[in-house]
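Here is what each chain is made of, one letter per residue.
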Amino acid sequence: MSQPLTMALSKGRIFEETLPLLKAAGIVVTEDPETSRKLILPTNDPVVRVIIVRASDVPTYVQYGAADFGVAGKDVLLEHGGEGLYQPVDLNIARCRMSVAVSAGFDYASAVRQGARLRVATKFTQTARQHFAAKGVHVDLIKLYGSMELAPLVGLSDAIVDVVSTGSTLRANNLVEVEKIMEISSRLVVNQAAMKMKRERLQPILAAFERAAAAIA
Ligand code: AMP
């Protein structure tokens, strides 16, 4: 008998860009999470189902085995720490960069050079802490959960650390990208126990994902 498989995905860009990879593995999600209120979506394969969770929760569902595998951004994985997860494939999807941005008038170079204490608002506190520690810059980190772009505009922080794709959100809010921290893409994550116990069922899917991702790169 086939073992059931549960895949964790977040709505939006990751879901959309994972669909072609699933298709390469012969899997078609038969309901649209943008219009359906269901959190568990069926696929054309009776043993494969997709659960829709918040992007930052994907590693947690997979770590505890509530999902066998999933797709998570490197930004999210760095914050989570990656415990209990295999990360066999960089899928080369949902690409963007993690950057430091400030208000257009703010002299970031001088603030950093003069050893000023920088107030940095971000959802990505681990990544931000490591980045500024490596540069020897003193920072006060302010944890936010959304719309980081607002923080420098209303005096909550001097700078933000956020993911940037086209840069249009920064421009629309009169912010300037002053430093790129790293390139970001989404990775396949697999529960370590599932990798052993459900290897037979998972392996063809992982192989198809790997081939499709290589074609994107
Ligand atoms: P953009 O205006 O194209 O630079 O997009 C920036 C906004 O979209 C930011 O507020 C980000 O939170 C979000 N964003 C863009 N790309 C990604 C991604 N790959 N993963 C998560 N969030 C993203």
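The structure this text deals with has already been given above.
Residues numbered from 1 in each chain as written. Predicted model: local features only at pLDDT ≥ 70, side-chain atom pairs only at ≥ 80, totals over all residues. Heavy atoms only, no water.

Colleague: How would you explain the overall build of the chain if you had to name every residue and give the values?
Modeller: From N to C terminus, the chain includes nine helices and nine strands. Based on the C-alpha atoms only, the size of the chain along its principal axes is roughly 65 × 35 × 30 Å. Among the 217 residues that make up the chain, the fraction classed as buried is 47%. Restricting the contact set of the chain to residue pairs at least 6 apart, pairs at least 24 apart contribute 67%. (Helix = DSSP H or I, 4+ residues; strand = E, 2+ residues; numbered from the N terminus. Buried < 20%, exposed > 50% of the residue type's maximum accessible area, 1.4 Å probe, protein only. Contact = heavy atoms within 4.5 Å.)

Colleague: Residue-level account of the sheet that holds strand E4 (residues 69–73), with values.
Modeller: Read from one edge to the other, the open sheet built from nine strands follows the order E2-E3-E1-E4-E9-E5-E8-E6-E7, with strand pairing classed as mixed. Of all the strands in the sheet, the pair left with one neighbour each is strand E2 (40–42) and strand E7 (139–143). Neighbouring strand axes in the sheet, compared pairwise and without regard to direction, differ in orientation by 25 degrees on average. Across five bridges, the pairing between E4 and strand E9 (residues 175–191) is antiparallel. Bridge pairing links Phe 69 to Val 190 in E9. Contacting strand E1 (5–9), E2, strand E3 (48–52), E4, strand E5 (85–103) and E9, helix H1 (residues 13–24) runs over the sheet at an angle of about 150 degrees to E5. (Pairing = 2+ DSSP bridges. Axes fitted to C-alpha atoms, helices over the stretch in contact; angles between N-to-C directions.)

Colleague: An account of the site of the ligand is requested, with residue identities and associated values reported.
Modeller: Neighbouring the ligand are Arg 13, Ala 94, Cys 96, Glu 149, Asp 162, Val 163, Val 164, Ser 165, Thr 166, Gly 167, Ser 168 and Thr 169. At 3.2 Å, a side-chain N or O of Arg 13 approaches a nitrogen atom of the ligand. In isolation the ligand exposes 490 Å². Once the protein is present, 70% of that is buried. The site holding the ligand turns out to be the largest pocket. Those elements that place two or more of their residues in the shell around the ligand are E5, strand E8 (159–164) and helix H7 (168–172). Here the shell around the ligand gets three residues from one element, more than from any other, and that element is E8. Within the shell around the ligand, the residues separate by chemical class into four nonpolar, five polar and three charged. (Near = heavy atom within 4 Å. Polar contact = N/O pair within 3.5 Å; in protein donor to acceptor, adjacent residues only side chain to side chain. Areas by Shrake-Rupley, 256 points an atom, 1.4 Å probe, with all protein chains shown as cover. 1 Å grid on protein atoms, 1.4 Å probe; cavity = no way out; pocket = protein on both sides within 12 Å on 5 of 7 lines; lining within 4 Å. Sits in = over half its atoms within 2 Å of the grid points. Nonpolar A, V, L, I, M, F, W, Y, C, P; charged D, E, K, R; others polar.)

Colleague: Please provide a residue-by-residue account of the pairing of E5, values included.
Modeller: Bridging between E5 and E9 involves 13 bridges; their strand directions are antiparallel. Note on E9: the bridge partner recorded for Val 102 is Val 176. Where E5 meets E8, six bridges bridge the pair, whose relative direction is antiparallel. Bridge pairing in E8 places Met 98 opposite Val 163.

Colleague: How would you sum up the environment of Leu 144? Please name residues and give values.
Modeller: In this structure, Leu 144 sits in the loop between E7 and helix H6 (150–153). The residues touching Leu 144, leaving out its near neighbours within four places in the chain, are Ala 121, Thr 122, Lys 123, Ala 151 and Leu 156.

Colleague: Describe in detail the side chain of Glu 149, supporting the description with residues and values.
Modeller: As for its placement among the helices and strands, Glu 149 is situated in the loop between E7 and H6. Buried and unpaired, Glu 149 has no salt bridge, with Lys 123 as the nearest side chain of opposite charge at 9.1 Å. (Lys, Arg positive; Asp, Glu negative; His and termini not counted. Salt bridge = Lys/Arg side-chain N within 4 Å of Asp/Glu carboxyl O.)

Colleague: Which residues make up the layout of surface pockets, and what values go with them?
Modeller: Volume-wise, the largest pocket comes out at about 800 Å³. Residue lining of the largest pocket: 31 residues in total, with Ala 55, Asp 75, Val 76, Lys 123 and Phe 124 positioned closest to the centre. Taken together, the elements giving at least two residues each to the lining of the largest pocket come down to H1, E4, helix H3 (74–80), E5, E8 and E9. In terms of residue class, the lining of the largest pocket is built from 14 nonpolar, eight polar and nine charged. Inspection of the lining of the largest pocket shows a minimum of three residues originating in each of domain 1 (5–95 + 184–216) and domain 2 (96–183). (Points joined across faces, edges and corners; volume = space filled by probe spheres on them. Domains from an automatic or database assignment.)

Colleague: Break down the nonpolar core for me, citing the residues and quoting the values.
Modeller: Within soluble globular proteins, side chains that are nonpolar tend to cluster in buried spots. In this structure, Met 7, Leu 9, Phe 69, Val 71, Leu 91, Leu 188 and Phe 209 are the most contacted members of the largest nonpolar core, which totals 29 residues. For this core, the elements supplying multiple residues, two or more each, are E1, H1, E3, E4, E5, E9, helix H8 (192–197) and helix H9 (199–216). Per-element tally for this core: the top contributor is H9, with six residues. Leaving out residues up to four positions away in the same chain, Leu 91 has contacts with Leu 21, Val 71, Ser 186, Arg 187, Leu 188, Phe 209, Ala 213 and Ile 216. (Core = buried A, V, L, I, M, F, W, Y, C linked by side-chain atoms within 4.5 Å.)

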